[in-house]
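Single-letter residue listing:
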Amino acid sequence: MAELTVETRDVEGVTLLYPKGFINAHTVRVFEGEIQKALAQGQFKIVVNCAGLAYIASAGLGAIMGAIEEIRGNGGDLRLANLNETVRNIFEILGFNRLYHIYPSELEAITSFRPAGAGS
Amino acid sequence: MRARKPSLTLLIPSQTSFLGLVREVTKKMAESAGFADGTADRLALAVDEATTNVIEHAYHGAGDCEIELRIEDRGPEFRVEVVDSGSTVDPRAVPRVDLGRYVSERRTGGLGVHLMEKIMDSVTFRRSARRNVCSLVKRKDPAAAR
């Protein structure tokens, strides 16, 4: 079984990433590759749905850090949804919950990209 | 009669492809020591980070070296030692985590050690018999320590 797979799909102009497994120094290239693929396609609104993510090590957090400047510089953002207890805890330990928008559900993360007043 | 507490020694090549095995073994041992699923995952993460540090900093990415992991349920505490014979890395030289600089300078240095320190009760580094020993300790709550 692969240690990390990352499925993707687009909804309302938002690229959704579904990492399944764990992100560490070995598997980070897979995760990083999918982020870079979205950026290369001009997709700067990204939601990482962490429902299938067992944990994320510092290498994975580094991958997010490495891309966020380009993403936000192009008017987009990388937002996170469905964090389990472990992943949420890691984000809180490092204060990443103050750097990134985190949503309880994928739908809330997607709709957060809608312009204000666009309705639901 | 008191059951003997498990201990395990694992020798792995200094390659990141073995981090999955390190994670699995650490998690199983942590669960066997009485830690809940979420805590066992975090302990596995701390050991993953310590092993990654050895590969990247003590062995500078060389894949033909050896890393020894000693995982031990010592009753009141769960202890993991990560041992290498690479260059000595002074953990005090690792830059402290500075959240403000993460964004402005894309700094990620020190995240791994910081995570280890936050997850474990104690993280120490020592030199012993020409080897580096990183010792990670997590105390159990009294109910799980019996």
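In this text the structure is predicted, and so the values were computed from the model without any measurement. (Residues numbered from 1 in each chain as written. Chains lettered and ligands numbered in written order. Predicted model: local features only at pLDDT ≥ 70, side-chain atom pairs only at ≥ 80, totals over all residues. Heavy atoms only, no water.)

Draft legend 1. Examining the overall build of chain A more closely. A count of helices and strands for chain A gives 4 helices and 6 strands. Helices (α) and strands (β) of chain A occur, in sequence order from the N terminus, as β-β-α-β-β-α-β-α-β-α. Its C-alpha atoms give chain A principal-axis dimensions of about 40 × 30 × 25 Å. Between the averaged position of the 10 positive side-chain charges in chain A and that of its 13 negative side-chain charges there is a distance of 2 Å. (Helix = DSSP H or I, 4+ residues; strand = E, 2+ residues; numbered from the N terminus. Lys, Arg positive; Asp, Glu negative; His and termini not counted. Charge placed at Lys NZ, Arg CZ, Asp CG, Glu CD.)

Draft legend 2. Region of the structure containing the packing of aromatic side chains. For the structure on display, the rule yields 4 aromatic pairs over all chains. Taking the centre distance of 5.6 Å and the plane angle of 35 degrees together, the rings of A:Phe22 and A:Tyr55 count as tilted. Here A:Phe22, found in strand β2 (residues 14-23), pairs with A:Tyr55, found in strand β4 (residues 53-56); they are 33 residues apart in sequence, far enough to count as distant. Take A:Phe22 and A:Tyr55: they sit in the same class, and that class is buried. Taking 5.9 Å as the distance between ring centres and 70 degrees as the angle between the ring planes, the aromatic pair formed by B:Phe35 and B:Phe78 counts as edge-to-face. Pair noted here: B:Phe35 is in the loop between α1 (19-32) and α2 (37-58) and B:Phe78 is in strand β3 (residues 77-84), with a separation of 43 residues, a long-range link. Across this residue pair, the class does not change: B:Phe35 and B:Phe78 are buried. What links up through ring pairs into an aromatic cluster is the set A:Phe91, A:Phe96 and A:Tyr100. (Phe/Tyr/Trp six-rings, centres within 6.5 Å; stacked < 30°, edge-to-face > 60°. Buried < 20%, exposed > 50% of the residue type's maximum accessible area, 1.4 Å probe, protein only.)

Draft legend 3. Geometry of the sheet that holds strand β1 (residues 7-13) of chain B. Residues and elements named next belong to chain B. Pairing is antiparallel across the open sheet formed by 5 strands, whose spatial order is β1-β2-β3-β5-β4. A single partner strand is all that each edge strand has here, and the edge strands are β1 and β4 (122-128). Taken pair by pair, the neighbouring strands of this sheet meet at an average axis angle of 15 degrees, ignoring direction. Bridge analysis of β4 against strand β5 (residues 131-139) gives 7 bridges, and the strand direction is antiparallel. Paired with Arg-126 across the strands is Val-133, a residue of β5. Each of β1, β2 (66-73), β3 and β5 touches α2; the most contacted strand, β3, lies at about 15 degrees to it. (Pairing = 2+ DSSP bridges. Axes fitted to C-alpha atoms, helices over the stretch in contact; angles between N-to-C directions. Contact = heavy atoms within 4.5 Å.)

Draft legend 4. Here's a closer look at the state of the cysteines. Residues and elements named next belong to chain B. Summed over all chains, the structure comprises 0 disulfides over all chains. Cys-134 carries a free sulfur, and the closest cysteine sulfur to it, the one in Cys-65, is 17 Å from it. Classification of Cys-134 by relative accessible area gives buried; the value is 6%. (Disulfide = S-S within 2.5 Å.)

Draft legend 5. Here's a closer look at the pairing of strand β1 (residues 4-11) of chain A. Residues and elements named next belong to chain A. Bridging between β1 and β2 involves 8 bridges; their strand directions are antiparallel. What sits directly across from Val-6, in β2, is Pro-19. The turn joining β1 and β2, which pair antiparallel and follow one another in sequence, is formed by 2 residues; a positive phi near 55 degrees is taken by Glu-12.

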